[in-house]
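One-letter residues, chain by chain:
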Amino acid sequence: MHNDIKEILITEEEIAAKCKELGEQLTKEYEGRFPLAIGVLKGALPFMSDVLRQVQTHLEMDFMDVSSYGGTSMVSSGEVKILKDLNTKVEGRDVLIIEDIIDSGNTLRYLVDLFKYRKANSVKIVTLLDKPSGRTAEIEADLVGFEVPDAFVVGYGLDYDEKYRNLPYIGVLKPEIYGGEE
Ligand SMILES: O=P(O)(O)OC[C@H]1O[C@H](OP(=O)(O)OP(=O)(O)O)[C@H](O)[C@@H]1O
Ligand SMILES: [Mg+2]
């Protein structure tokens, strides 16, 4: 375990098993269709890579880079900025948004509204993590890997100040790392 991590919440093995399970559900959902799978950079990268390799139907991949947490901030600014838009037209497509976490819900609320405005045929969300205690916007995922408690989690794509994205598990930081109290 990395020295800055207080506790592992979800192990590498648990994540792998969940990706297989979610991949099977997505295969059923999109059988015979050609969905547009949109990964939300940067956090969703490891999950997108692992879950989509478990999907047994054709799909197209594209990426959006949006951000609402700056630097060391652990609360959403509420303002979602597009840093990189899609290369693909959304109109008429079955869009599957792939996320690492829904916390306040601001990011996904913004993206779902954007893709509906761009006339997607359908918009669904698969997220590895759901933190319901953080929610301020009204949004739910169609598929959820794991529910996490009211703590700032890192690893497997999720960062604190751009670090820890490459950890293979989901963990909680030691409070001294972000200057918090025990
Ligand atoms: O539900 P919310 O409160 O909107 O939080 C969830 C979003 O915040 C994080 O991304 P961030 O904006 O930090 O960008 P990153 O993925 O590049 O770290 C995370 O990866 C989600 O996309
Ligand atoms: Mg982040």
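As a reminder, the structure under discussion sits directly above these lines.
Below you will find a few notes about this structure. Worth saying up front: this structure is predicted, and the values here are computed from it rather than measured. (Residues numbered from 1 in each chain as written. Chains lettered and ligands numbered in written order. Predicted model: local features only at pLDDT ≥ 70, side-chain atom pairs only at ≥ 80, totals over all residues. Heavy atoms only, no water.)

## Let's talk about the nonpolar core
Note the cut-off: In these notes, a set of buried Ala, Val, Leu, Ile, Met, Phe, Trp, Tyr and Cys residues joined through side-chain atoms within 4.5 Å is what counts as a nonpolar core. Partly exposed describes any residue whose relative accessible area lies between the buried limit of under 20% and the exposed limit of over 50%, with all areas from a 1.4 Å probe on protein chains only and scaled to the type maximum. Helix numbering and strand numbering both begin at the N terminus, where a helix is a DSSP run of H or I of at least 4 residues and a strand a DSSP run of E of at least 2. In this description, contact between two residues means that some pair of their heavy atoms is separated by no more than 4.5 Å.
Formed by 26 residues in total, the largest nonpolar core has its most connected members in Leu26, Phe47, Ile98, Val126, Leu129 and Ile170. Residue assignment for this core shows that the elements contributing at least two residues are α1 (12-30), α2 (45-52), β5 (94-102), β6 (122-130), β7 (143-147) and β9 (170-173). Look past the residues within four positions of isoleucine 98 in its chain and what remains in contact with it is Ala37, Ile38, Gly39, Val40, Ala44, Phe47, Met48, Leu52 and Val126. Of all hydrophobic cores here, the second largest spans 21 residues; its members include Ile38, Met64, Val95 and Leu114.

## A closer look at the sheet that holds strand β1 (residues 5-10)
By definition, the strands of a sheet pair up through backbone hydrogen bonds, in either a parallel or an antiparallel sense. To keep it simple, the criterion reads: A pair of strands counts as paired when DSSP detects no fewer than two bridges linking them.
Strand order across the open sheet formed by 3 strands is β1-β9-β8, with antiparallel pairing between neighbours. Edge positions in the sheet fall to β1 and β8 (153-154), since each has one partner strand and no second. Taken together, the 4 bridges between β1 and β9 define a ladder with antiparallel strand orientation. Looking at β9, one finds that isoleucine 8 is bridged to glycine 171.

## A word on the site of ligand 1
Put simply, the test is: Note on definitions. A residue lies near a molecule or strand when any single heavy atom of the residue is within 4 Å of it. By the criterion applied in these results, polar contacts are pairs of N or O atoms within 3.5 Å in which, for protein atoms, one can donate a hydrogen and the other can accept it, and in which residues neighboring in sequence qualify only through two side-chain atoms. The protein chains shown are the only cover counted for residues, whose accessible areas, like all others here, come from Shrake-Rupley with a 1.4 Å probe.
Neighbouring ligand 1 are 19 residues; Tyr69, Glu99, Asp100, Ser104 and Thr107 lie closest to it. Here an oxygen atom of ligand 1 sits 2.8 Å away from a polar atom, N or O, in the main chain of aspartate 103. Contact distances for ligand 1 include 3.0 Å between an oxygen atom and a side-chain N or O atom of aspartate 159. Against a free-state accessible area of 490 Å², the protein chains account for coverage of 94% of ligand 1. Contributing elements (two or more residues each) for the shell around ligand 1: β3 (60-67), β5 and α3 (106-117). Broken down by element, the shell around ligand 1 gets its largest block of residues, 4 residues, from β5.

## A few points about the sheet that holds β6
Inclusion rule: All axes are obtained by fitting lines to C-alpha atoms, using only the stretch in contact for helices, and the reported angles, taken between N-to-C directions, cover 0 to 180 degrees.
Judged by pairing direction, the sheet is mixed, and its 6 strands sit side by side in the order β4-β3-β2-β5-β6-β7 without closing on themselves. For this open sheet the edge positions go to β4 (81-84) and β7, each flanked by a neighbour on one side alone. Adjacent strand axes in the sheet meet at a mean angle of 30 degrees, parallel and antiparallel pairs treated alike. Contacts between α1 and the sheet are confined to β5, β6 and β7, with β7 contributing the most and set at about 165 degrees to the helix.

## Digging into the packing of aromatic side chains
Put simply, the test is: Ring pairs are drawn from Phe, Tyr and Trp, using the six-membered ring of Trp, whenever the two centres fall within 6.5 Å, and their geometry is named by plane angle: stacked under 30 degrees, edge-to-face over 60, tilted for the rest. In this analysis the charged atom, NZ for Lys or CZ for Arg, is taken to sit over a ring once it is within 6 Å of the ring centre and within 35 degrees of the ring normal.
Under the counting rule described, the total for this entry stands at 2 aromatic pairs. Aromatic pair phenylalanine 152 and tyrosine 160: ring centres 6.1 Å apart, planes at 80 degrees, arrangement edge-to-face. Taken as a pair, phenylalanine 152 and tyrosine 160 share a single burial class, namely buried. When the centroid spacing of 6.3 Å and the interplanar angle of 70 degrees are considered together, the rings of tyrosine 160 and tyrosine 178 count as edge-to-face. One end of the pair, tyrosine 160, is in the loop between β8 and β9; the other, tyrosine 178, is in the segment after β9, with 18 residues separating them in the sequence. Aromatic ring contacts, followed pair by pair, group Phe152, Tyr160 and Tyr178 into a single cluster. Over the ring of phenylalanine 146 we find lysine 18; its NZ or CZ atom is 5.0 Å from the centre of that ring.

Note that every value here comes from positions in space, so none of it alone points to a role or purpose.
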